[in-house]
Amino acid sequence: MEPPYRTWVEISRAQIAANFRAVRALVGPAVEVVPVVKADAYGHGAVEVARIVAREGARWLAVSTVEEGVALREAGIAARILVMADTLESSRAAFLEYALTPVVVSLDDLRAFEAWLAGRGAELRYHLKVDTGMGRLGVIGSAEEIARAVRAAQRLRLEGLMSHLASAADYASPQTDEQIRRFTELLTALRRVGIVPAYAHLASTIPVAYARREAWFGMVRTGHALYGYVSPARGPAPKPVLEVKPALTWKARILSVKQVPAGWPIGYGAMFRAPRPMRIGILGVGYADGLPHRLSNRGQVIAHGRFAPILGAVSMDLTTVDLSDCPEAAPGDAVTLIGEEGAARQDAQQLARLAGTISYDVLCGIRARVKRVYV
Ligand SMILES: *Cc1c(COP(=O)(O)O)cnc(C)c1O
């Protein structure tokens with residue numbers, strides 16, 4: 001039975017579990033897999049995904065904000081939760097209250113957080129992020145400076161050292177090797193002075209999927225792979241070795257079908273004009289649902305197993321498609337925006353390419369008003 005919605009996504013629990021197991025099997029038992037469920041699990045629903053991977057034995061989760069961590073705790077998720085990008089002073093209390101694990105991104109933050117904890121008589125484990133050449137969050141500093149600050153903190157206890165790769169998919173660039181080298185050197189220098197974090201982590205999906213083992217250390221943080229995606233690499237890349245499949249299918253219903261005469265304008269700005277009499281379908285989905293406006297006049301959907309081009313502007317709540325080759329399509333029928341019908345398939349990567357963006361953006365862009373259905 002299809003759900004009675006104008007637009008919805010179906011998320012396969014079994015596929016998410018299978019994707020998690022594929023990552024686990026690839027990295028082996030010595031490497032901890034941290035499923036990344038930030039941004040509502042890239043549109044897949046953070047609480048549901050957290051429950052699925054918890055059943056599969058995941059001990060850690062990663063989110064970006066304290067709010068995301070709190071939502072998981074309030075849903076009863078017991079795993080360790082690493083909060084990767086929330087360093088605001090106003091967020092500190094929640095780390096304690098909800099047993100969340102902060103990523104500290106500067107030595108000044110480390111000292112300020114330490115003082116804050118001292119004022120409350122509390123302690124916390126943390127992961128320290130270093131900038132190995134991403135140029136975003138993280139400490140840029142010598143091993144000596146870092147060691148001094150780590151030692152000075154009594155209430156914040158270093159549990160992990162982490163960094164993030166900027167160009168993991170670009171095998172023509174030396175940047176990834178440089179970042180791995182800097183990270184390894186820092187770990188070695190810290191170890192030499194007796195600072196040995198329980199976890200070191202640098203890798204997201206790409207270095208896992210392309211088997212760049214020297215980037216795995218004892219922990220990997222995978223998001224995209226969990227949802228069934230591995231971005232294509234550039235340059236002299238090896239073949240990806242990770243087998244995952246998209247877990248999400250996006251559907252919308254045809255609200256109305258009609259015939260338009262040759263020359264008839266379609267949608268805002270008359271961005272399309274029917275070159276011949278056409279049979280058009282108006283779908284109950286638009287950019288307010290997350291269908292990129294950039295797909296105006298260039299995207300397509302799958303209707304009854306065949307591709308139906310998008311005509312004219314994608315509007316806020318409606319999108320028009322050409323159903324001329326799909327005579328059986330009728331109001332109430334569902335079409336597929338992401339997913340497959342028979343031999344016709346379109347994934348978030350293909351949709352993203354047409355829209356001039358990346359698959360992450362398309363998945364995260366599917367709005368809350370699109371119902372999530374778990375199958
Ligand atoms: C989002 C994110 C990840 C996960 O990246 P994927 O490419 O989705 O696997 C890992 N680490 C950090 C710091 C992130 O922000």
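Residues numbered from 1 in each chain as written. Predicted model: local features only at pLDDT ≥ 70, side-chain atom pairs only at ≥ 80, totals over all residues. Heavy atoms only, no water.

Caption draft 1: Region of the structure containing the site of the ligand. Taken together, 13 residues lie around the ligand, and Lys-38, Tyr-42, Thr-205, His-224 and Tyr-360 are the ones closest in. Separating an oxygen atom of the ligand from a side-chain N or O atom of Thr-205 is a distance of 2.6 Å. Separating an oxygen atom of the ligand from a backbone N or O atom of His-224 is a distance of 2.8 Å. Within the complex, 91% of the 390 Å² of free accessible area of the ligand lies under protein. Secondary-structure elements contributing two or more residues to the shell around the ligand are helix H2 (38-42) and strand S9 (219-222). (Near = heavy atom within 4 Å. Polar contact = N/O pair within 3.5 Å; in protein donor to acceptor, adjacent residues only side chain to side chain. Areas by Shrake-Rupley, 256 points an atom, 1.4 Å probe, with all protein chains shown as cover. Helix = DSSP H or I, 4+ residues; strand = E, 2+ residues; numbered from the N terminus.)

Caption draft 2: Summary view of helix H10 (residues 348-355). When we look at burial in H10, the residues that qualify are Ala-348, Gln-349, Leu-351, Ala-352 and Ala-355. All buried residues of H10 fall inside an arc of 160° around its axis, so they share one side. Looking at the buried residues of H10, the elements they touch are strand S14 (300-303), strand S17 (334-341), strand S18 (344-346) and helix H11 (359-364). Residue Asp-347 occupies the N-cap position of H10, its side-chain oxygen lying 3.0 Å from the main-chain nitrogen of Gln-349. Positive backbone phi, at 70°, marks Gly-356, one or two positions downstream of H10. (Buried < 20%, exposed > 50% of the residue type's maximum accessible area, 1.4 Å probe, protein only. Arc of directions from axis to C-beta. Contact = heavy atoms within 4.5 Å.)

Caption draft 3: Seen up close, the environment of Gly-269. Along the polypeptide, Gly-269 turns up in the loop between strand S11 (265-266) and strand S12 (272-273). Measuring from C-alpha to C-alpha, the distance between Gly-269 and Ser-90 comes to 46 Å, with 179 residues separating the pair along the chain.

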